[in-house]
There are 2 protein chains.
Amino acid sequence: MGSVWSSPERPAYPHQALAVVLQVRARRLHAMLWERPNEPFAGAWALPGGPLLADETLGASVARQLTAKVEVSHLGHLEQLETRSDPGRDPRGRTVATAYLGLIPTHVDPALPDDTAWHPVDDLPTTAFDHGSIVRSALVRLRSKLSYTNVGFALAPPEFTVAELRELYVAALGYDVTATNLQRVLLRRGVLEPTGEQAPPGRAGGRPAALYRFVTPELSVTDPFAVFRPPSRRPGSEGRRGGLEG
Amino acid sequence: MGSVWSSPERPAYPHQALAVVLQVRARRLHAMLWERPNEPFAGAWALPGGPLLADETLGASVARQLTAKVEVSHLGHLEQLETRSDPGRDPRGRTVATAYLGLIPTHVDPALPDDTAWHPVDDLPTTAFDHGSIVRSALVRLRSKLSYTNVGFALAPPEFTVAELRELYVAALGYDVTATNLQRVLLRRGVLEPTGEQAPPGRAGGRPAALYRFVTPELSVTDPFAVFRPPSRRPGSEGRRGGLEG
DNA sequence: TGGGTTTCTGACTATCAGGCGAAAACCTCG
DNA sequence: CGAGGTTTTCGCCTGATAGTCAGAAACCCA
């Protein structure tokens, strides 16, 4: 700092905001990509995004650019992911890009422009720039956060059965999860609560499933999904003392 | 993307790399800051950092700028934290800053320039720009990562006793931790291993403490501190199946 | 009414975290 | 050289948690 402005040169490079928008569709986790019509990387698929404007926060910039693809109101979650600065990441010249992670709940199916489409994250097409690598970063982030925060909230519809929630977690995590535990764990942690209503059984019959919803936490405004294990303290521990466990 | 270069304007702002360098000193967690001699924020304390140069990665930039303060070889860990883009964060004009989190182990005491000093994170002086807020972000990151990764490694000397390690965790986490559990938990998780040697007891006597070291994981090159719970699987679970638990 | 299907619930087990106290190993002082 | 003080280590106990499994419950269709 200081040297930024006192030094003779103040190098500046176009800064862009990108978004990895994820949604579970047909039991698979998908990423929203658009197909580039022009060089470089013509025909390859890229993340939505664009330049950071004059009086814009990066967060506001992502939200604005996403409007060209989907309604921002559909986004259940949006958080900063990481900033890529490799000088060679764009063959036309240097750019710095800050990527965001966006989540869309399953129950909405936003209309997309013609050049934009959903792609399963485990079977991506040819990607432009370093965007494939950015998607992988987003996956790592999502998967780790699913197990110790409430981001699952942002992937789920307002009301759901345990079976549906299980499908979401299986799709997002990439490995199998037992429904029994998922329900009990989330219930005990206090993040899930029954609505009292039931979902109609499928065409094959079966016991009607109880509907649940996530408990809306009136928590920190900055990160509403931050907290996970509210009261579940250990044996005789009081206050903040003990081992680790986060 | 695409629109970044096809649009008539390509706004660009000076990009800088900042570092929140943390170290436990005298049982308290400290941050490295330097005192600004000039306006704006003359007399206030700022994070080390500076402009991103032409052919530099952000990571390389932080490392280079830190050289002005400490030897980079002292850094036990360096990871990207977040990018700040508030248009008003610098009164002189718009800048975008990417902050990194750096950790220095306790056993080194690097010589600092005259304008640079360590400050306890829970008692910071007046800070410049949004740097105080960035330090708080770094704290949140460090504290959460301490409980589910091996970053503690980067704060500790190569060999240490359980008591010393406890001091580190207490200082970094900000709350008390029992030595018994810390040792057992870390041992069971397989991140700690005894060296076989002992540390000489203090002047007051007492049983000599066994020396431990962190098990160096030959893991992912990208994030050597990523993994935490290697083998400790549950009852009869095989492969990747089960509930959550990360 | 009976077979098929899906969901829900309870029981059982292994693991884990936290706390406590006794034992071990070392010091210093009389 | 033994007694008292100090620090660490180790074992045991308790409560909570994750995972599995099987049976009961509730619904459909024929």
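Per an unreviewed UniProt entry, chain A carries the name 8-oxo-dGTP diphosphatase and comes from Blastococcus aurantiacus.

A separate point is the nonpolar core. Counting residues in each nonpolar core, the largest one holds 57 residues, and the members touching the most others are Val20, Ala138 and Ala172 of chain A. At eight residues, the largest contribution of residues to this core is made by strand β1 (residues 12-25) of chain A. Split by domain, this core shows at least three residues from each of two domains, domain 1 (13-147) and domain 2 (149-214) of chain A. For alanine 138 of chain A, the residues in contact, after removing those within four places along its chain, are Val20, Leu22, Leu81 and Leu101 of chain A. One finds Met32, Leu75, Ala171 and Leu192 of chain B within the second-largest nonpolar core, a separate group that totals 55 residues.

This brings us to the UniProt feature "domain: NrtR DNA-binding winged helix" (unreviewed entry) in chain A. Taking the UniProt record as the reference, the feature "domain: NrtR DNA-binding winged helix" (unreviewed entry) is found at residues 152-214 of chain A. Along residues 152-214 of chain A one finds 43% helix and 25% strand; the C-alpha atoms at either end are 9 Å apart.

What follows deals with the pairing of strand β2 (residues 28-35) of chain B. Residue and element names in this part refer to chain B. Most of β2 is tucked away, with six of its eight residues classed as buried. In the sheet, β2 pairs with strand β3 (residues 45-46) via two bridges, with the strands oriented antiparallel. By the bridge assignment, tryptophan 34 is partnered in β3 with alanine 46.

Residues and elements named next belong to chain B. Here helix α3 (residues 131-148) contains 18 residues, and its C-alpha end-to-end distance of 26 Å stays within 8% of the 26 Å for a straight helix at 1.5 Å per residue. Listing the buried residues of α3 in full gives His131, Ile134, Val135, Ala138, Leu139, Leu142 and Lys145. Buried positions in α3, seen along its axis, are confined to an arc of 150° and lie on one side of it. The inward-facing, buried residues of α3 contact β1 (12-25), β2, β3, β5 (77-84), β6 (96-104) and α5 (162-173).

Parameters and conventions
- Residues numbered from 1 in each chain as written.
- Chains lettered and ligands numbered in written order.
- Predicted model: local features only at pLDDT ≥ 70, side-chain atom pairs only at ≥ 80, totals over all residues.
- Core = buried A, V, L, I, M, F, W, Y, C linked by C-beta atoms within 7 Å.
- Buried ≥ 20, exposed ≤ 12 C-beta atoms within 10 Å, placed from the backbone.
- Helix = DSSP H or I, 4+ residues; strand = E, 2+ residues; numbered from the N terminus.
- Domains from an automatic or database assignment.
- Contact = placed C-beta atoms within 7 Å.
- UniProt positions renumbered as here; feature names shortened; annotations may be inferred.
- Pairing = 2+ DSSP bridges.
- Expected span 1.5 Å × (residues − 1).
- Arc of directions from axis to C-beta.

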